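# Per-entry structural report
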Amino acid sequence: PPLPKDREEEELEKLVFGDLDGFKAGLRAYEEESEPEAEEEDPEVHGDHNAAKGRDLAALQDDELFFIDAGPDEALVRRDNDDDVEMTVAVTVDDEVAPAWEDSDDERMMVSLASHGRMRKLRDTEADDYVTGKEYARRLRRQFERIYPVPNWAIPEKSSSKRRRLSASSDSSADSEMEIDDDSTPTLSAAPLSALLASSSPLTLSGSSRKTPKLRPEVIDIARLTDANIAAPSKSAIQCLSFHPTHPLLLTSGLDSTLRLYHIDGKTNPIATSLHIRGSALHTSLIHPSGASIVAAGRRRYFHVWNLESGAVERVTRVYGHQTVQRSMERFDISPDGKHIAFIGSKGTVQILDAVTNQWVATANVEAQVADISWHPHGETLSVVNTVGEVYEYSLLSKSVTSVWRDEGAVSISCIANSPVQDARFVAVGSSSGIVNIYDRRVSFGGKGPGALGTPTDPKPVKTVESIVTKITSLEFSRDGQILCLASRIKKDALRLVHLPSCTIYKNWPTSVTPLGKVTAVKWGGNGGGIFLAVGNEAGKVRLFEVR
């Protein structure tokens, strides 16, 4: 038999579980507090009322006996069967909801951004190093949203009055065989092209208040953004890229005969408009330096000029008097001042046209076959290089060749590029063997200055880049002249960046995991402090990167 409970055990049991005497005493005290002044009721009336109340409860449905308490964040709904009316009581809730949990150690923890290579992309400036744990979490979230933007299905739908749709001209001409293709999405977030071009202030990719920073050699801080043409990818390899001089617009073209303009915001990059040219695979398409028109050409005897402000498309059929040497308009370049267009012809000729009237102005004749051309920044001199490595400097003022010099070790030259600043201080020449010679006009062409090399006819390069072993197909200086990009479309991921004026190759980019592919076109963009690099590949994608 169990042992009898002692006094201490009984008191502990009473405190924990209670007893019958305590329960009755508590119930009696509650009744006295709830009805201290209750009046005496007529037992007959009181009994009839209780009976009627019981009958009413019996007639109710089960779901009418209860209601769901959804908390303060939702409205309470009460139904009335008699009037069949649904009443909603709205509860006001603050917009800003405090986080469910905060770690007090975030403010005390310090994280170094400069000590780890993967964290350097989180820095705002080069001097950034230690940040708090809370700030580190914020920058990680910012970097993630920059690479993976919020999908369209997660964005709340706005009212129809606030939506902006693309408005493009649908007029077509049977004579010119042109048509406008609208590839925009139903809920386009970018402003129409007409609104962008009508703005009086320059809408640059980065704020115009920032100054272009001086880049350091050997190590570059570069981050990948959302692909430029993710909204409407190209159906063929990208043949040419061109940034708008003042607005955040990027032009792409290829063998699918379609010109596409994208509004570059670094996140969604929606398409602004597109133009399809039937039966003309496009090789070169450039935005005019004024930003008002686009010149596009393929392997045809004609080219097209698309006026962005009016939407009109003009077809220029031929260069009169030069039909025998100008059989194709596929390769051309517009002068930086926007006054002339130079077309590469056959038999060692370059036809120079007026960019406004599209009339012939002059012809530059060189020996052998023309490999490539490049304008000087002032737009008055054109550098023409042939396949055997001779570079001719053609002056539009005198309409004659002012000087001829030879590339060192020239073997099958493929391209040439002049620096866009400082009176074309640097000039780069690429060959089919993958070698790129970089010349500094201050020292490479001789003279009496310190460090002078070579002669005016036989200059010496200040740097020879041998990092690529296949044919150089792209040479492009950044707009501020601090970086030279060289690439080859023959081999996958064949792209290098060279810092100027130190002429050192950046070793930390591109890496083995940078998704470049076979690079078919490169272009630098960004004004007012931002430096952006667009890289088009054979798969029809345009990778977008930002130099910080």
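Residues numbered from 1 in each chain as written. Predicted model: local features only at pLDDT ≥ 70, side-chain atom pairs only at ≥ 80, totals over all residues. Heavy atoms only, no water.

## A look at helix H1 (residues 7-17)
Little of H1 sits out of view: just 0 of its 11 residues are buried. Gly18 lies just past H1 and shows a positive phi near 75°. (Buried < 20%, exposed > 50% of the residue type's maximum accessible area, 1.4 Å probe, protein only. Helix = DSSP H or I, 4+ residues; strand = E, 2+ residues; numbered from the N terminus.)

## A short note on the side chain of Asn269
By secondary structure assignment, the location of Asn269 is in the loop between strand S9 (258-263) and strand S10 (271-277). A distance of 3.1 Å separates a polar side-chain atom of Asn269 from the backbone oxygen of Thr226. Among the polar contacts listed, one links the side chain of Asn269 to the backbone oxygen of Asp227, at a separation of 3.0 Å. For Asn269, the residues in contact, after removing those within four places along its chain, are Thr226, Asp227, Ala228, Ala231, Tyr262, His263, Ile264 and Leu544. (Polar contact = N/O pair within 3.5 Å; in protein donor to acceptor, adjacent residues only side chain to side chain. Contact = heavy atoms within 4.5 Å.)

## Focus: the sheet that holds strand S28 (residues 483-487)
Strand order in the open sheet formed by 4 strands is S27-S28-S29-S30, with antiparallel pairing between adjacent strands. Two strands lie at the open edges of the sheet, namely strand S27 (474-477) and strand S30 (504-505), each paired on one side alone. Taken together, the 4 bridges between S27 and S28 define a ladder with antiparallel strand orientation. Across the sheet, Leu475 pairs through a bridge with Leu486, a residue of S28. (Pairing = 2+ DSSP bridges.)

## A few points about the sheet that holds strand S18 (residues 360-365)
Pairing within the open sheet is antiparallel, and its 4 strands lie in the order S15-S16-S17-S18. This sheet does not close on itself; its edge strands, each paired only once, are strand S15 (332-334) and S18. When strand polarity is set aside, the average angle formed by the axes of neighbouring strands in this sheet is 20°. Bridging between strand S16 (residues 340-344) and strand S17 (residues 349-354) involves 5 bridges; their strand directions are antiparallel. Looking across to S17, one finds that His340 is bridged to Asp354. (Axes fitted to C-alpha atoms, helices over the stretch in contact; angles between N-to-C directions.)

## Here's the deal with the packing of aromatic side chains
The geometry of an aromatic ring pair comes down to the distance between the two centres and the angle between the two planes. Enumeration according to the criterion identifies 7 aromatic pairs in this entry. Arranged with centres 6.4 Å apart and planes meeting at 50°, the rings of Tyr439 and Phe445 form a pair that is tilted. Across this residue pair, the class does not change: Tyr439 and Phe445 are buried. Grouped by ring-pair contacts, the aromatic residues Phe303, Phe332 and Phe343 constitute a single cluster. Taking NZ or CZ as reference, Arg315 lies 3.7 Å from the ring centre of Tyr302, over its face. (Phe/Tyr/Trp six-rings, centres within 6.5 Å; stacked < 30°, edge-to-face > 60°. Lys NZ or Arg CZ within 6 Å of the ring centre and 35° of its normal.)

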